[in-house]
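The residues making up each chain are set out below.
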Number of protein chains: 2
Amino acid sequence: MDVREKDIIAKYFSPLSKNAKGADELKDDIAVLGNLGSGLLAINMDTLVAGTHFFSDDDPTILAQKALRVNISDLAAKGAVPFGYFLSLALPKTATEAYIKAFAHGLAIDQRNFNLNLLGGDTVKTKGPLTITITILGLLSSSEIPRRSTAQAGDDIYVSGTIGDGALGLLAHPSYTGKNRLTAKYSRHIGHYLCPEPRVELQPIISKFASASMDISDGLLGDLTNILNSSELGAELNVDHIPFSEETKSILLNEIDMLPTILTGGDDYEILFTAAPQHAADIEKQARKLHFDLTKIGTMNAGSELQLLDGNKSLNIAGFNLSHSHTW
Amino acid sequence: MDVREKDIIAKYFSPLSKNAKGADELKDDIAVLGNLGSGLLAINMDTLVAGTHFFSDDDPTILAQKALRVNISDLAAKGAVPFGYFLSLALPKTATEAYIKAFAHGLAIDQRNFNLNLLGGDTVKTKGPLTITITILGLLSSSEIPRRSTAQAGDDIYVSGTIGDGALGLLAHPSYTGKNRLTAKYSRHIGHYLCPEPRVELQPIISKFASASMDISDGLLGDLTNILNSSELGAELNVDHIPFSEETKSILLNEIDMLPTILTGGDDYEILFTAAPQHAADIEKQARKLHFDLTKIGTMNAGSELQLLDGNKSLNIAGFNLSHSHTW
């Protein structure tokens, strides 16, 4: 497909959702569908394809966990607590019973970790690569949902955890053969790429304080640009404030050229959210209570540009390849 | 995959659903998830893969309708009224913008036909065949859901419409190259294969009278066997009572060897349900009122066998290849 997937969605699929208020014109990661028991039902659907989103030789147990976690992450970013999921597996001939057993074992592990149940699904045969689609369901306790479009000028911008571990993990993956291959054993990064940590612990903070929020699946700068565009605002980030792991810092010390990759590469699965500045002290307090790393990295403004500062100097990000989210 | 998909589900996936009551141990087509507004939320997920479930050169507009309809059919069989769906598209490089536009047009047509909205989804790239996964949501007005497992001995067995049109449509499809290829222009059958009619009109009858119910996606005899096994019962069918279209009858007149294909082939998307005999008159009356063809084809019994009668003579179906449903 040559056309940009983002344009395809806006042009052909978004009109099909126009009468469903909770679908938010497909501009967001989740749909919200009214009260189910004690909360609002939130649903997200994500697909992973071998050769596109993971390597065919990735361990099936960890792959199953990744497939669940990228979906959990979308709900977590909105403050929704997941409870169940539907699974579609398109299995190539090469998928042995042992492979499926190991995959199911990974699902079982993360069902316990995240208090989930399998609710249904489908298994089919394919002549193509293994294709995993998960539709995940969760509950929102508040009807004020932090969409991509609901940031306000003056809001602080926060991220959880550290940025770039997923992108570097891809480059260090033993099966990766593309450009910028990292040859040292960056086990932290590889682990992050193979099995990210969805930030479910942040739920109380997101539901209470976030004005806009999303998970970072397509790179910090690309996803922040999504919030900017949806909210029709600008933002100023300071690169010195962006949190990096020690391993990432040491890579940056040797190879500053890796900065664009780190800031625009995918697979972080951290949460990027905005909040009004008057909540700053409460957010900091709660994060400390949860022993959770949250970092204020910048400020939303009334402009329309994303400005990246290095101290007082503006960095030119025009050449950065901001990948575009295909998830709706 | 050499192992039978049914066994894979029972062995590895069903245990993952054991704490979710509404998932019915993945033995049924839908999961039921509690009250959402005016009804019980019912969800089904089905995947179609090019080369497995449809031909790569099928018209994308009609293909989109088929993808929706096979999902609508699962809900209709349980008496649920669909209201929205999530769509995952894994697109090969060959999928042009024109193709996607035509596909979206098919979705739009059936959104109007069936009063549906697109709620969300995902589009990804694949090196394999086009893969379409739909998760469809609907509402049930009654909490007595006709599962596969809830038939009673003595119940009448009904089917909607006619049997075998989908299976013959596959054999007559211009791109079909397998055995038993039909060379005449069976346009009725091809049309049925390409774009089945989900039996949503039956909703009032199913909700009120059906003890067990499912849609026939994997052949009448195979799917009836699913009901028998799940309900731990037997059944007696009379082949003279099974409804066939005039075109199917004329094929059978010339080639009685086609009978197994007609009774076990997929893609009927008619509804197969059981009901207590005291409801027979009411069911007949309601079907007439709806101008809807419903046929009583047999009776459930306390045995464990499926017996197919031709008049008083028992037909040997041991050699019939009952395909097995992989949908849960």
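A quick note: this is a predicted structure, and the numbers were derived from the prediction, not measured. (Residues numbered from 1 in each chain as written. Chains lettered and ligands numbered in written order. Predicted model: local features only at pLDDT ≥ 70, side-chain atom pairs only at ≥ 80, totals over all residues. Heavy atoms only, no water.)

1. A short note on the UniProt feature "binding site: Mg(2+) 4" (unreviewed entry) in chain A
Residue and element names in this part refer to chain A. As annotated by UniProt and renumbered to match this structure, "binding site: Mg(2+) 4" (unreviewed entry) occupies Asp29 and Asp74. The largest pairwise C-alpha distance within this set of annotated residues, which runs over 46 residues, is 6.4 Å, so the set is compact in three dimensions. Summarising the element assignment, Asp29 is placed in the loop between α1 (5–13) and β1 (31–36). Here Arg148 takes part through its side chain, which lies 2.7 Å from a polar atom of the side chain of Asp29. Mapping Asp74 onto the fold places it in helix α2 (residues 60–76). A distance of 3.2 Å separates a polar atom in the side chain of Asp74 from a polar atom in the side chain of Asn44. (UniProt positions renumbered as here; feature names shortened; annotations may be inferred. Helix = DSSP H or I, 4+ residues; strand = E, 2+ residues; numbered from the N terminus. Polar contact = N/O pair within 3.5 Å; in protein donor to acceptor, adjacent residues only side chain to side chain.)

2. So, the environment of Lys127(B)
Residue position: Lys127(B) is located in the loop between β4 (117–125) and β5 (131–140). With relative accessibility at 74%, the residue Lys127(B) sits in the exposed group. In the structure, Lys127(B) is positioned 34 residues away from Lys93(B) in sequence and 7.3 Å away in space, judged by C-alpha atoms. With sequence-adjacent residues up to four places away left out, Lys127(B) is seen in contact with Gly51(A) and Pro129(A). (Buried < 20%, exposed > 50% of the residue type's maximum accessible area, 1.4 Å probe, protein only. Contact = heavy atoms within 4.5 Å.)

3. Here we look at the sheet that holds strand β11 (residues 306–310) of chain B
All names here are of chain B. Spatially, 7 strands are ordered β7-β9-β6-β10-β8-β11-β12 in an open sheet, and the strand pairing comes out mixed. The open sheet has two edge strands, β7 (210–216) and β12 (313–315), and neither has a second partner. For this sheet, the mean angle separating the axes of adjacent strands, direction not counted, is 30°. Here 5 bridges tie strand β6 (residues 156–160) to strand β10 (residues 294–301), and the two strands are oriented antiparallel to one another. Its bridge partner lying in β10, Val159 is registered against Thr295. Packing of helix α7 (residues 220–231) onto the sheet brings it into contact with β6, β7, β8 (234–238), β9 (270–275), β10 and β11, and relative to β7 it is tilted by some 145°. (Pairing = 2+ DSSP bridges. Axes fitted to C-alpha atoms, helices over the stretch in contact; angles between N-to-C directions.)

4. Focus on the sheet that holds strand β7 (residues 210–216) of chain A
All names here are of chain A. The strand order across the open sheet built from 7 strands is β7-β9-β6-β10-β8-β11-β12, with neighbouring strands paired in mixed fashion. Looking at the sheet topology across the chains shown, the edges are occupied by β7 and β12 (313–315). Each adjacent strand pair in this sheet contributes to an overall mean axis angle of 30°, direction not counted.

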